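Commentary on secondary and tertiary structure
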Amino acid sequence: LVGFVDVSERCQRAGVLAESCTTWGRMDVVKYRLKRQESKGHKGWTLNNDRWLQGSHSAFKGFVPAFQSLIRRSNPELCRRRRLEAEDSLLRSILLPREERSNDLFDGDITIL
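Here the residue numbers are simple positions, counted from 1 along each chain's written sequence. Owing to the predicted nature of the model, reporting of local features is limited to residues with pLDDT of at least 70; listing and counting of side-chain atom pairs is limited to 80 or more, with chain, interface and lining totals taken over all residues. Think of the side-chain values as coming from all heavy atoms in the structure, minus any hydrogens and water.

1. Concerning the confidence of the model for the protein chain
For every residue, the predictor reports its confidence as pLDDT, a number between 0 and 100. When the pLDDT values of the protein chain are averaged, the result is 77; 84% of them are 70 or greater. Ranking the elements of the protein chain by mean pLDDT puts strand β1 (residues 44-48) last with 73 and helix α3 (residues 76-93) first with 87. Per the convention used, a helix needs a DSSP run of H or I reaching at least four residues, while a strand needs a run of E reaching at least two, with both numbered from the N terminus.

If you want it as C-alpha cells, here you go:
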C-alpha cells in the first residue's frame, strides 16, 4: 500500500526529506553499479584514461576489481533494511511539533484578485 500526502512546508523539519532521499538514492546507485559490473562479465572496472591524459604519469590502463564494500552494500537484504531505516527516520522526524510550527498559514504567498 502506497500513499501520498501533501504537507505544507511550514509543518516540515528542514533537511529531513533531502536526507532521506539521499539515503534512498545511494541504495539505488550501489545496486546499479554492481549490476552494471556483473553485466560486463566481471566484478570490477576496466579503466583506460590514457585518451584524456596522454603522456601523463596519471594515465592508467587496466582492471580494477570491485571493492568488497560495494559487494557488501549491494546485498538485497542490506539495501532493504537501509531503505526501511530511511523511511522510518523520515516518518518519525519530518513533522514539526505543533508548538514549533509557523502560524502564518500562507507564509505571505497569497494573491487576492
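2. Topic: helix α1 (residues 16-39)
Residue count minus one, scaled by 1.5 Å, sets the expected span of a helix. In this model α1 runs 35 Å from its N-terminal to its C-terminal C-alpha over 24 residues, within 8% of the 34 Å that 1.5 Å per residue would give. Each residue is assigned to one of three classes by its accessible area relative to the maximum for its type, calculated with a 1.4 Å probe on protein chains only: buried under 20%, partly exposed between the two thresholds, exposed over 50%. Of the residues making up α1, those classed as buried are Val16, Ser20, Met27, Val30, Leu34 and Gln37. Where α1 is buried, its residues contact β1, α2 (68-73) and α3. Remark: glycine 41 follows α1 within two positions and exhibits a positive phi of approximately 90°. Any two residues having at least one pair of non-hydrogen atoms within 4.5 Å are treated as being in contact.

3. Points about the packing of α1 against α3
Between the N-to-C directions of two axes lies an angle of 0 to 180 degrees, each axis being a line fitted to C-alpha atoms and, for a helix, fitted only over the stretch in contact. Put simply, α1 and α3 touch, their axes get as near as 9 Å, and they point 170° apart. The angle between α1 and α3 places the two elements in the roughly antiparallel class. Contact residues: Val16, Leu17, Ser20, Thr23, Trp24, Met27, Asp28, Val30 and Lys31 in α1; Cys79, Arg82, Arg83, Ala86, Leu90 and Ser93 in α3. Roughly parallel means an angle under 35 degrees; roughly antiparallel, over 145; roughly perpendicular, 65 to 115; everything else is oblique.

4. Considerations on α3
Under the 1.5 Å per step criterion, the end-to-end length of α3 is 26 Å for 18 residues, consistent within 8% with the ideal 26 Å. For α3, the full list of buried residues reads Leu78, Cys79, Arg83, Ala86 and Leu90. Projected down its long axis, α3 shows its buried positions confined to an angular sector of 135°, all on one face. Summarising the geometry of α3, the exposed residues directed more than 90 degrees from the buried face are Glu77, Leu91 and Arg92. Looking at the buried residues of α3, the elements they touch are α1 and α2. Its side-chain oxygen at 2.9 Å from the backbone nitrogen of glutamate 77, asparagine 75 defines the N-terminal cap of α3. The arc in question is the one spanned by the directions pointing from the helix axis to the C-beta atoms. Each polar contact in these results corresponds to two N or O atoms within 3.5 Å; when the atoms are within protein, one needs to be able to donate a hydrogen and the other to accept it, and residues that are neighboring in sequence are counted only if both atoms are side-chain atoms.

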